[in-house]
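Chain and residue survey
Spelled out, the chains give:
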Amino acid sequence: MRICKLLDTLQSEYQQNTTFRKNGTLLLSPGRIPKAKHLLFPGLPYETIDELLVSEYKYPFPKQYRELLHHYNGANLFMFRIQKGKLEFASTNLIIFGLPRTKPFGRPADMEEPYDVRIEDLGRHKDIPDTWLKCGCYKSAFVFGDPADLFIDTQTEQVFACMRNDSKVLEQWKTLDACLSNIFECVSQYEEVLIVQ
């Protein structure tokens, strides 16, 4: 998949500026705010994906998403700093959900895990079809505000973007790979700091 190649290239580009966590998480270009420019989570064995996700999901599990989780168990990409007066906080332009391997409570600060697709999929507008699996979210630019959620139609494997708390389709792609590759290339062009007046 092209998105896997893009993430592999990203990992290579930051090879000299990467923090490696014990659980395998990679912090590319680590910092303070944000914690890193990119977080990449190590892929899962197909057996784990099948046992904890595929077998528990009531609709056909998207093939490309399963393949992606095998290579990268989610990612937080193009993280940036928002500055509003004296306040500074971090946001992320593209998040791919995954499957955390440790429980959130009591997890050490240096054991970053992906957003949990099983939890994130529950938060959706009432008019979004049940057969759509929420697999990530993104911002179309370094912006202040809600992101758009990404849904895979499990019947066709097409991907749709809808604003959070809305069911109106903003964009659509034929495949998850086309979607993530397109968004990756778009958001890679923006600045890393947003000043909000």
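Being a predicted model, the structure only gives us computed values, none of them experimental.

**Some points on the pattern of salt bridges**
When the charged atoms of two side chains with opposite charge come close together, those side chains can pair. In this structure the tally under the stated criterion is 11 salt bridges. The partner of Arg 21 in a salt bridge is Glu 112, and the shortest N-O contact between them spans 2.9 Å. Within this pair, whereas Arg 21 is found in the loop between strand S1 (18-20) and strand S2 (26-30), its partner Glu 112 is found in the loop between strand S5 (87-96) and helix H4 (117-120), the two being separated by 91 residues in sequence. The class for Glu 112 is buried, based on a relative accessible area of 9%. The salt bridge involving Arg 164 is made with Asp 149; its shortest N-O contact spans 2.5 Å. With Arg 164 in the loop between strand S8 (159-163) and strand S9 (169-173) and Asp 149 in strand S7 (residues 148-153), the pair connects residues that are 15 residues apart, well separated along the chain.

**Observations regarding the nonpolar core**
The biggest cluster of nonpolar side chains holds 43 residues, and the ones touching the most others in it are Tyr 65, Leu 77, Leu 150, Leu 180 and Phe 184. Per element, the largest residue contribution to this core is six residues, and it comes from helix H5 (residues 176-187).

**A word on the environment of Ser 55**
Secondary-structure assignment places Ser 55 in the loop between helix H2 (46-52) and helix H3 (63-71). For the pair Ser 55 and Thr 175, spaced 120 residues apart in sequence, the C-alpha separation works out to 22 Å.

**Topic: the confidence of the model for the protein**
Looking at the protein, pLDDT values average 91 and 91% of them are 70 or higher. Here strand S10 (residues 193-196) stands out as the least confident element of the protein, with mean pLDDT 54; H3 is the most confident, with 98.

**Overview of helix H1 (residues 2-13)**
Between its first and last C-alpha, H1 extends 16 Å over 12 residues, near the 16 Å set by a 1.5 Å rise per residue. Those residues of H1 that fall on the buried side of the exposure criterion are Ile 3, Cys 4, Leu 6, Leu 7 and Leu 10. The arc that holds every buried residue of H1, seen down its axis, measures 160 degrees, which confines them to one face. Exposed and facing more than 90 degrees away from the buried side of H1 are Lys 5 and Ser 12.

**Thoughts on unusual backbone geometry**
Here the amide bond leading from Ile 33 into Pro 34 is cis, since omega sits at -5 degrees, within 30 degrees of zero. Topologically, Pro 34 is positioned in the loop between S2 and strand S3 (36-42). For Ser 29, which is not glycine, the phi torsion reads 55 degrees and is therefore positive. Along the chain, the position of Ser 29 falls in strand S2. Look at Ser 29 and you get partly exposed, because its relative accessible area is 23%.

**Quick notes on the environment of Lys 139**
For Lys 139, the location among the structural elements is in the loop between strand S6 (132-138) and S7. The exposure class of Lys 139 is buried, given its relative accessible area of 7%. For the pair Lys 139 and Met 1, spaced 138 residues apart in the sequence, the C-alpha separation amounts to 22 Å.

**So, the packing of aromatic side chains**
Here the structure, examined in full by the defined rule, presents eight aromatic pairs. When the ring of Phe 78 is compared with that of Phe 184, the centres are 5.1 Å apart and the planes differ by 70 degrees; the resulting orientation is edge-to-face. Linking Phe 78 in strand S4 (residues 72-84) with Phe 184 in helix H5, this pair joins segments that are 106 residues apart in sequence. Look at Phe 78 and you get buried, because its relative accessible area is 6%. A ring pair is formed by Trp 132 and Phe 160, whose centres lie 4.5 Å apart and whose planes are at 5 degrees; its orientation type is stacked. One end of the pair, Trp 132, is in strand S6; the other, Phe 160, is in strand S8, with 28 residues separating them in the sequence. Accessibility classification places Trp 132 together with Phe 160 in one group, the buried group. Chaining the aromatic ring pairs together yields one cluster made of Tyr 57, Tyr 59, Phe 61 and Tyr 65.

What counts as what
- Residues numbered from 1 in each chain as written.
- Predicted model: local features only at pLDDT ≥ 70, side-chain atom pairs only at ≥ 80, totals over all residues.
- Heavy atoms only, no water.
- Salt bridge = Lys/Arg side-chain N within 4 Å of Asp/Glu carboxyl O.
- Helix = DSSP H or I, 4+ residues; strand = E, 2+ residues; numbered from the N terminus.
- Buried < 20%, exposed > 50% of the residue type's maximum accessible area, 1.4 Å probe, protein only.
- Core = buried A, V, L, I, M, F, W, Y, C linked by side-chain atoms within 4.5 Å.
- pLDDT = per-residue confidence, 0-100.
- Expected span 1.5 Å × (residues − 1).
- Arc of directions from axis to C-beta.
- Phe/Tyr/Trp six-rings, centres within 6.5 Å; stacked < 30°, edge-to-face > 60°.

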